[in-house]
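Structure at a glance
Here are the chains, one letter per residue:
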Amino acid sequence: MNAPAKLVEVLPQTVEFRLDDKTLHAFEGETILKAAQRHGVDIPHLCYKDGYRADGNCRACVVEIKGERTLAPSCCRNVTAGMEVQANSERAVKSQKMVLEMLLSDMPDTGYKWSETDESLQHGELSEWAARLDVSVRPALKVLRRAQPAADLSHPAMAVNLDACIQCKRCVTACREEQVNDVIGYTMRGSHSAIAFDLADPMGDSSCVACGECVQACPTGALMPKTLMGSQLVDKKVDSVCPFCGVGCLVTYKVKDNKIVSVDGRDGPANHSRLCVKGRFGFDYAHSPQRLTKPLIRKAGVSKDPAALQHLNRNTADWSEVFREASWDEALGLASAGFNGLRDGHGSKSLAGFGSAKGSNEEAYLFQKLVRTGFGSNNVDHCTRLCHASSVAALLEGVGSGAVSNQVNDVAHSDLIFVIGSNPSANHPVAATWMKNAAQKGARIVLADPRVTDIGKHAWRTLQFKADTDVAMLNALIHAVIDEGLVDQDFIDRRASNYEALRENVKGYSPETMAPVCGIPAATLREVARAFAKAKAAMILWGMGISQHVHGTDNARCLIALATVTGQIGKPGAGLHPLRGQNNVQGASDAGLIPMMFPNYQRVDNAAAHQWFENFWNTRLDGSPGYTVVEIMHKALAPESDPHKVRGMYIMGENPAMSDPDLNHARHALASLQHLVVQDIFMTETAWLADVVLPATAWPEKTGTVTNTDRMVQLGQQAVEPPGDAKPDLWIIQQLASRMGLRWNYAGMHDGVAAVYEEMRQAMHTAISGISWERLQRESSVTYPCLSEDDPGEPIVFIDHFATEDGRVHLVPADIIPANERPDADYPFVLITGRQLEHWHTGSMTRRTAVLDAIEPMATASLCGADLLALGLAPGDAVTVQSRRGAVVLHVRRDDGTPQGAVFIPFAYYEAAANLMTNAALDPFGKIPEFKYCAVAIHRGGQLAGFAGYQTGTAKGH
């Protein structure tokens, strides 16, 4: 990626003032409280939280200002030049103490939010400030204590203790202004005033999405995580990164007795302390009794029957009927011997590897290096093939880089935010908050999607286009921009190529012609096109609704063209951002975990790159691209006569027996392998088909880096020890490499993670050469491209030129390519698959998390009210959804954001695996399957798969 020009930083002006008889300087517009804090002067405060809007509700922070009759709240009073302030005058301190005493007098005798260092302080920040100012409550005030409301324990994750509420309204700000969920409000007046959820509902019955921002904001424990009810003394706090989506929120784990007991958001550049329900409450999967703790070897003569997976209850299944425990030496010996035998007997193409986007960069780098240098081919891939491969293909072709041009929170500088094929409130919740915050401040959101999702409530315009008509709609927008003379011609002339071909191609795609195709009125298409082109800055953010089609690459090409013809790229608030799905899908791709690219997107068939890596690794390398995920499955079922038949696989942290399309085909392929080694933390569906299962470490049990959707390389630190004999993934890879004849030596702590990182940094020197291991330990997060130690990193790229050979964006015209499979009389509905807020990917982690599983315990199929009525169904009824490849039975849910003729099913539920039905047809460029479109039929009734829940027992065999 090119190193762009630097943006000029404007330093704030300062003003001089006096505080407690000292002359100090404050920034222009800075409050007295913030200025005092910067200069080491602590003023009591309760209603104010750093980063939140100040209201001055509690009056604990009052100060005396010379010349003014009344005391002033320092949290919401700005410093002015020459102001003279007394924060510690007798009058100010007396008032501060009085406020603290009055608030303390209403507190219950037993508190909820004990200090983590002194459990005599049981009312959180209120107790801490009272102790610092030596405040105690007079008995006479306790007599006047308010009537104490009963606790509300209706929510799975949080307790509501309004007897400890001081009505500071931090929770209201957290919910309505930070996360913009609009659940918590303030009701009534005077002594009857109270915090309420929706229409004074119990919290568990409200529309709360359990982000937990309110419990993190609450100063007294009136809102508390249930995991911290009782003693809150912890053994340690460890800084790390959230293990779920690509937003990359920084977190702090609180650990007691080698278990994580709670998670706080950390002030990282991607989240600024915000978290979602998964990040805050989805941590106890690491301590599940179903963790793999011993290496397992399939018993002799036990067949692999993929059909049995459909009837398998992961919670109660007894793996000891299929596997036996083994020592690490035996398991590693058998695993490596199988690989060596197939490689030597059938050639290097007979082996393949699936790495993980949920592990670290170091693991991804070492895994692909093992496949390339140990297996001897480029048959290595990971889940990016199933989520954003088409986006990356189009971006590499068009702008020369597969990464984002602008970070998500850069939408704060956007006038228009174009969200297409994405449900950010569910899939990237913290990223969605930045979009909603921008809308609150006047930015216009355009949601383009066949489904109207939560972000639609905040949208200026909603383009609910017909599924599969992305290219038609986007070409219509480009046509309107050109037709109405809104092209940024200067940008085109200086920085684009092939514009004339694009202009000629979209002539037949007028909004009037495309309106009946995509279902959006021509006037609306033109209105949105004008708004996008005329915006001072417009950002495009997209998800897998764009990429998971046979025309996914064309969809992304159209988005690149729309940004280019309007000049909406290479400046603050304007650019292209494919929202990455998993916590390290960006980093895993950067590190080379893809079949046609070495690390840093250097093609394996590029002679110079090939020679460089042969010299770097001192090994002969395959010069042709390897097979992708779906192609590997096809090759596993190839006839014996095929010289490139895949016979053995190494799968680390991936679950293709749940995540691949047409699961019956994928499971048959996995079961047909002569040798399958699976490395994971649970007995996944894929692990049940393995010959050797290697117990690995969960994210909180390891140290390593990940790279988020914003191009931030971030360091996670080990917080807890792994269970039993589970071993770090990096150690396992190195052990296999040694047994396959590779002479690696990565010495140091954490199995040489720092040494592996530094080698990877050399391989990616044009992107991360300035991000040393020591710098990451110091700063936690650094954005690339970053080429020197003093380079702060570049949040915005393509400011002056693109990363292509000629520095210009390469426009590629696109025409309509229909979905591979269309609805008909037998299969009249369109199936759309995706994720949901509470569960992640194939559910192997989140469905073993108590809170997440309690909120969303069962598989559902979402239909609009009109279709429910036509089918004679009511919410909660059981239905059978069937495609030409498979069928599932699940409960129906009403969702009027789902269009007529479509059904939405999340794919995290193994007992109703949506991918049994999906189509494996591939985009010809990105080689990504068409998850987002296939034809299905829906029938009333069917036999629901039995499921006892993950939280009700221990997996047998341990």
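This text goes with the structure placed above it.
Structure report, in brief.

Criteria and cut-off values
Residues numbered from 1 in each chain as written. Predicted model: local features only at pLDDT ≥ 70, side-chain atom pairs only at ≥ 80, totals over all residues. Heavy atoms only, no water. Helix = DSSP H or I, 4+ residues; strand = E, 2+ residues; numbered from the N terminus. Rg over C-alpha atoms; globule rule 2.2 N^0.38 Å. Buried < 20%, exposed > 50% of the residue type's maximum accessible area, 1.4 Å probe, protein only. Contact = heavy atoms within 4.5 Å. Areas by Shrake-Rupley, 256 points an atom, 1.4 Å probe, with all protein chains shown as cover. Pairing = 2+ DSSP bridges. Axes fitted to C-alpha atoms, helices over the stretch in contact; angles between N-to-C directions. Core = buried A, V, L, I, M, F, W, Y, C linked by side-chain atoms within 4.5 Å. Phe/Tyr/Trp six-rings, centres within 6.5 Å; stacked < 30°, edge-to-face > 60°. Lys NZ or Arg CZ within 6 Å of the ring centre and 35° of its normal. Polar contact = N/O pair within 3.5 Å; in protein donor to acceptor, adjacent residues only side chain to side chain. Parallel < 35°, antiparallel > 145°, perpendicular 65-115°, else oblique. Left-handed = near helix turned anticlockwise from the far one by under 90°. Nonpolar A, V, L, I, M, F, W, Y, C, P; charged D, E, K, R; others polar. Salt bridge = Lys/Arg side-chain N within 4 Å of Asp/Glu carboxyl O. Expected span 1.5 Å × (residues − 1). Disulfide = S-S within 2.5 Å.

1. Side note on the overall build of the chain
Across its full length, the chain holds 30 helices and 39 strands. For the chain, the C-alpha radius of gyration of 29 Å lies close to 30 Å, the compact-globule estimate for 958 residues. With respect to the principal axes defined by its C-alpha atoms, the chain has extents near 95 × 70 × 65 Å. When burial is assessed residue by residue, the chain has 64% of its 958 residues classed as buried. Restricting the contact set of the chain to residue pairs at least 6 apart, pairs at least 24 apart contribute 73%. About 33,600 Å² of surface is accessible on the chain, with carbon and sulfur atoms providing 51% of the total.

2. Details of unusual backbone geometry
Residue Pro785 follows Tyr784 across a cis peptide bond; omega there is 0°. Here Pro785 shows up in the loop between β30 (781-783) and β31 (809-810). The backbone of Asp134 shows a phi angle near 55°, a positive value even though the residue is not glycine. Position of Asp134 relative to the elements: it lies in the loop between α3 (124-132) and α4 (139-143). You can call Asp134 exposed: its relative accessible area is 68%. The residue Asn498 is not glycine, and still its phi comes out positive at about 70°. Mapped onto the fold, Asn498 is located in the loop between β20 (496-497) and α15 (499-505). Under the relative-accessibility criterion, Asn498 is labelled partly exposed at 40%.

3. What about the sheet that holds strand β12 (residues 259-265)?
Taken together, the 3 strands give an open sheet; going across it, the order is β10-β11-β12, and neighbouring strands pair in antiparallel fashion. The sheet is open, and its two borders are formed by β10 (236-241) and β12, each paired with just one other strand. Averaged over all pairs of adjacent strands, the angle between strand axes in this sheet comes to 30°, irrespective of strand direction.

4. Focus on the nonpolar core
Judged by nonpolar contacts, the single largest core of 101 residues is most densely connected at Tyr285, Tyr650, Leu694, Ile768 and Ile771. The element best represented in this core is helix α9 (residues 361-375), accounting for 7 residues. Excluding its chain neighbours within four sequence positions, the residues that come into contact with Ile771 are Val713, Tyr757, Arg761, Leu776, Val782, Thr783, Tyr784 and Cys786. Val446, Ala529, Ile540 and Ala561 belong to the second largest nonpolar core, which has 59 residues in total.

5. Concerning the packing of aromatic side chains
One pass over the full model with this rule turns up 18 aromatic pairs. Of the aromatic side chains, those joined through ring pairs into one cluster are Tyr365, Phe598, Trp612, Phe613, Phe616 and Trp617. Taking NZ or CZ as reference, Arg557 lies 4.1 Å from the ring centre of Phe925, over its face. In this structure, Lys727 packs its charged tip against the face of Trp731, placed 5.3 Å from the ring centre.

6. Topic: the side chain of Asp468
Relative to the helices and strands, Asp468 is located in the loop between β19 (461-463) and α13 (470-483). Taking relative accessible area as the criterion, Asp468 reaches 8% and is therefore assigned buried. A polar side-chain atom of Asp468 sits 2.4 Å from a polar atom in the side chain of Arg822. Excluding anything up to four places from it in sequence, Asp468 contacts His549, His551, Ile817, Pro818, Ala819, Arg822, Glu930 and Tyr933.

7. Some words on the packing of helix α22 (residues 629-636) against helix α24 (residues 663-672)
As a packed pair, α22 and α24 sit with axes 8 Å apart at the nearest point and diverge in direction by 55°. Taken together, the axes of α22 and α24 are oblique relative to one another. Our pair here, α22 against α24, has a crossing hand that is left-handed. Residues Met633, His634 and Ala636 of α22 pack against His665, Ala666, Ala669, Leu670 and Ser672 of α24. Of the residues contributing to the contact of α22 with α24, the split by class is 5 nonpolar, 3 polar and no charged.

8. Observations concerning the sheet that holds strand β4 (residues 72-73)
An order of β2-β1-β5-β3-β4 is seen for the 5 strands of this open sheet, with the pairing classed as mixed. Strand pairing shows two members of the sheet lacking a second neighbour, β2 (22-27) and β4, which therefore form its edges. Relative to strand β5 (residues 84-86), strand β1 (residues 14-19) runs parallel, the two being bridged by 2 bridges. Across the sheet, the residue bridging to Arg18 is Glu84, located in β5.

9. Remarks on the pattern of salt bridges
This model, assessed by the stated rule, comprises 56 salt bridges. With a closest N to O distance of 2.2 Å, Glu177 and Arg53 form a salt bridge. With Glu177 in helix α5 (residues 170-178) and Arg53 in the loop between α1 (32-38) and β3 (62-65), this pair connects stretches of sequence that are 124 residues apart. In this structure Glu177 comes out as partly exposed when scored by relative accessible area, which is 26%. On the basis of relative accessible area, Arg53 is assigned to the partly exposed category, the value being 41%. In this structure, Arg739 engages Asp329 in a salt bridge whose closest nitrogen and oxygen atoms are separated by 3.0 Å. Placement of Arg739 in helix α25 (residues 729-739) and of Asp329 in helix α8 (residues 328-346) is noted, with a sequence separation of 410 residues between them. Residue classification places Asp329 among the exposed residues on the basis of a relative accessible area of 56%.

10. Some thoughts on the pairing of strand β22 (residues 575-578)
Along any regular strand the residues' side chains alternate between the sheet's two faces. Residues Gly575 and His577 point to one face of β22 and Leu576 and Pro578 to the other, with burial holding for every one of them. The sheet contact formed by strand β21 (residues 538-542) and β22 spans 4 bridges and is parallel. Note that in β22 the partner of Trp542 across the bridge is Pro578.

11. What about helix α19 (residues 552-565)?
Spanning 14 residues, α19 covers 20 Å between terminal C-alpha atoms, matching the ideal 20 Å at 1.5 Å per step. Within two residues after α19, Gly567 carries a phi angle of roughly 70°, on the positive side.

12. Observations concerning the packing of α5 against helix α12 (residues 429-440)
It is at 9 Å that the axes of α5 and α12 come closest, and there the two elements cross at 85°. Put simply, α5 runs roughly perpendicular to α12. Facing α5, whose interface residues are Arg176, Glu177 and Glu178, α12 presents Thr433, Asn437 and Gln440. When its residues are assigned to classes, the contact of α5 with α12 shows no nonpolar, 3 polar and 3 charged.

13. Brief notes about helix α10 (residues 389-398)
Judged by how many residues are buried, α10 sits mostly within the fold: 7 of 10 residues are covered. Residues of α10 that are buried sit in contact with β21, α18 (544-547), α19, β22 and β31. The first or second residue beyond α10 is Gly400, which carries a positive phi of 85°.

14. Re the pairing of β1
Residue alternation in β1 divides its side chains into a buried set, Val15, Phe17 and Leu19, and an unburied set, Thr14, Glu16 and Arg18. One ladder, built from 6 bridges, connects β1 with β2; its direction is antiparallel. Bridge pairing in β2 places Arg18 opposite Thr23.

15. Digging into the side chain of His479
Within the element layout of this structure, His479 appears in helix α13. With a relative accessible area of 12%, His479 lands in the buried category. Those residues within four positions of His479 in sequence are excluded, and the remaining contacts are Val506, Lys507, Tyr509, Ser510, Pro511 and Arg526.

16. Notes on the environment of Ala754
Mapped onto the elements, Ala754 comes out in helix α26 (residues 749-763). Note on Ala754: relative accessible area 27%, which makes it partly exposed.

17. Looking at the state of the cysteines
Within this structure, the stated rule accounts for 0 disulfides. Free of any disulfide, Cys208 has its nearest neighbouring cysteine sulfur in Cys214, separated by 6.1 Å.

18. Things to note about the environment of Pro269
Of note, Pro269 is situated in the loop between β12 and α7 (277-281). For Pro269, a relative accessible area of 31% translates into the label partly exposed. Taking C-alpha positions, Pro269 is 46 Å from Arg884, a pair spaced 615 residues apart along the chain.

None of the figures reported here should be taken as evidence of function without further support.
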